[in-house]
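So the chains spell out like this:
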Amino acid sequence: MSLLASLASRRRILAGVAVLALVLVLIAVYLLFINPDVLGASDDQPIAFNHQAHAQNGIQCQYCHTGVDNSPVAGIPSVYLCMGCHEYVATEHPEIQELTGYWERQEPIPWQRVYDLPSFAFFNHAPHISAGVSCGSCHGDVANMTVAEPAVEMTMGFCLDCHAEQENKDALYDCLICHR
Ligand code: HEC
Ligand code: HEC
Ligand code: HEC
Ligand code: HEC
Ligand code: HEC
């Protein structure tokens, strides 16, 4: 090989390596700073809400998730509901001062969703609760979580595994009850 040709091919290899390195850096930047899911979106809640601290004080799930017995959505409590207690409780706690900031600015708290079914799948809490299915069979032991984490992957297989054990299995396997 002539000296000129070998220099040219070395330059091409170097350029290739530089492009590869740049791509890797961009991927790393995306993963670490742009896509919060990689680090666990639940670590990024605007306020470090602690389920365990509330369960230990005897506060029932339904006190905050008021829709769960009678509607499709369980509902996330408003700042107003929080302030019913935190105007007096743990007022020196830095997270409660942050909570109070939302209240004073009359801003909703931008909670990150832990579970989010695709919109083509229909789910309704109410019939599950009235059939005696516990929160824990779908959400895990939330009462002992400091940060609400996804306990199960809400796939179609997860739904159908339990429906298969029910008496009216055939009705609960009908595509159209979940895909309307
Ligand atoms: C004092 C109010 C309060 C009580 C009591 C409470 N929660 Fe929550 N819950 C919240 C708030 C606020 C969020 C949103 C922040 C978060 O995800 O941690 C939430 C989030 C959740 C989520 C995740 C929702 C999603 O998909 O984003 C589940 C599941 C849940 N709660 C279940 C329960 C269960 C089960 C209980 C009873 C053991 C319970 N909660 C008791 C306030 C409460
Ligand atoms: C049969 C499974 C199942 C049971 C039982 C169940 N959930 Fe859920 N829950 C879900 C699914 C699925 C979603 C996501 C719904 C969506 O994204 O549309 C959800 C979402 C939620 C959310 C956030 C969204 C919303 O609906 O406001 C909260 C809060 C919640 N559940 C609380 C509870 C509590 C409290 C109980 C018990 C009283 C409970 N769930 C029982 C399956 C269940
Ligand atoms: C029914 C009363 C009640 C309601 C409603 C309530 N809390 Fe609490 N909260 C408590 C009690 C009691 C404690 C424990 C205080 C302590 O240990 O000093 C607590 C503790 C906390 C803490 C400190 C947790 C820790 O790690 O020590 C935070 C943050 C908090 N609550 C946020 C919220 C938010 C956000 C809401 C609304 C979604 C809410 N609370 C609704 C009663 C309540
Ligand atoms: C008990 C509720 C339920 C029933 C019954 C059900 N599905 Fe689903 N299905 C879901 C949920 C929840 C998802 C979204 C989660 C997922 O992708 O796994 C889904 C997702 C799907 C998808 C998209 C899959 C993907 O990879 O994105 C298809 C296609 C589908 N279902 C077809 C069907 C057909 C056909 C039937 C009847 C034989 C059926 N489903 C019955 C709950 C159900
Ligand atoms: C742990 C068991 C269990 C799991 C998990 C479960 N289901 Fe169910 N599901 C039930 C039971 C029990 C019923 C009520 C049967 C009855 O009342 O006849 C039901 C009923 C339903 C119905 C019919 C409600 C109505 O209007 O009559 C739908 C829709 C449904 N489930 C969707 C889902 C979806 C979507 C998922 C997954 C995200 C899911 N279910 C996961 C046990 C479960």
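Scroll up for the structure.
Residues numbered from 1 in each chain as written. Chains lettered and ligands numbered in written order. Predicted model: local features only at pLDDT ≥ 70, side-chain atom pairs only at ≥ 80, totals over all residues.

### Side note on the overall build of the protein
Going by this rule: Here a strand is any run of E in DSSP of at least two residues, a helix any run of H or I of at least four, and the numbering for each starts at the N terminus. Exposed residues have 12 or fewer other C-beta atoms within 10 Å of their own C-beta, buried residues have 20 or more, and partly exposed residues fall in between, where C-beta atoms are placed from the backbone. Two residues qualify as being in contact provided that their C-beta atoms, derived from the backbone, are within 7 Å of each other.
Of the regular secondary structure elements, the protein holds 10 helices and 0 strands. Starting at the N terminus and walking to the C terminus, you meet the elements of the protein as α-α-α-α-α-α-α-α-α-α. Every one of the 180 residues in the protein was classed for burial, and the buried ones make up 3%. In the protein, the share of contacts with a sequence separation of at least 24, taken over all contacts with a separation of at least 6, comes to 62%.

### Observations regarding the site of ligand 3
Going by this rule: The rule is simple: place the C-beta atom from the backbone, and if it lies within 6 Å of a molecule or strand, the residue is near it. Only Asp, Glu, Lys and Arg are considered charged in this grouping, and only Ala, Val, Leu, Ile, Met, Phe, Trp, Tyr, Cys and Pro are considered nonpolar; every other residue, Gly among them, is considered polar.
Around ligand 3, a shell composed of 20 residues is seen, among which Asn50, Asn57, Cys82, Cys85 and Glu95 lie nearest. Taken together, the elements giving at least two residues each to the shell around ligand 3 come down to α2 (51-56), α4 (79-86) and α5 (94-105). For the shell around ligand 3, the per-class residue count stands at 13 nonpolar, 6 polar and 1 charged.

### Re the site of ligand 5
Surveying the vicinity of ligand 5 reveals 20 residues, the closest of which are Pro127, Ala131, Cys159, Cys162 and Ile177. Elements that contribute at least two residues to the shell around ligand 5 include exactly α6 (125-130), α7 (135-139), α8 (156-163) and α10 (175-178). In terms of residue count, α8 provides more of the shell around ligand 5 than any other element does, 4 residues in total.

### Structural notes on the environment of asparagine 124
Within the secondary structure, asparagine 124 is located in the loop between α5 and α6. By the C-beta count within 10 Å, which is 12 here, asparagine 124 ends up exposed. Along the backbone, asparagine 124 and valine 68 are 56 residues apart, and their C-alpha atoms lie at a distance of 8.7 Å.

### Some thoughts on the environment of valine 79
You can see valine 79 is positioned in helix α4. Taking the C-beta count within 10 Å as the criterion, valine 79 has 20 such neighbours and is therefore assigned buried. Each C-alpha atom of the pair valine 79 and isoleucine 109 lies 7.2 Å from the other, and the pair is 30 residues apart in sequence. Those residues in contact with valine 79 that lie beyond four places of it in its chain are Leu99, Tyr102, Trp103, Pro108 and Ile109.

### A word on the environment of cysteine 162
Relative to the helices and strands, cysteine 162 is located in helix α8. Linking cysteine 162 and serine 137, residues 25 residues apart in sequence, is a C-alpha distance of 9.6 Å.

### A closer look at unusual backbone geometry
Phi at alanine 90 is positive, roughly 55°, even though this residue is not glycine. You will see that glutamine 106, though not glycine, has its phi angle at about 55°, which is positive. Tracing the sequence through the fold places glutamine 106 in the loop between α5 and α6.

### Description of α5
Definition in use: Multiply 1.5 Å by the residue count of a helix minus one, and that product is the helix's expected span.
For α5, which comprises 12 residues, the first-to-last C-alpha distance of 17 Å matches the rise-based estimate of 16 Å (1.5 Å per residue) to within 8%. Immediately downstream of α5, the backbone of glutamine 106 shows phi near 55°, a positive value.

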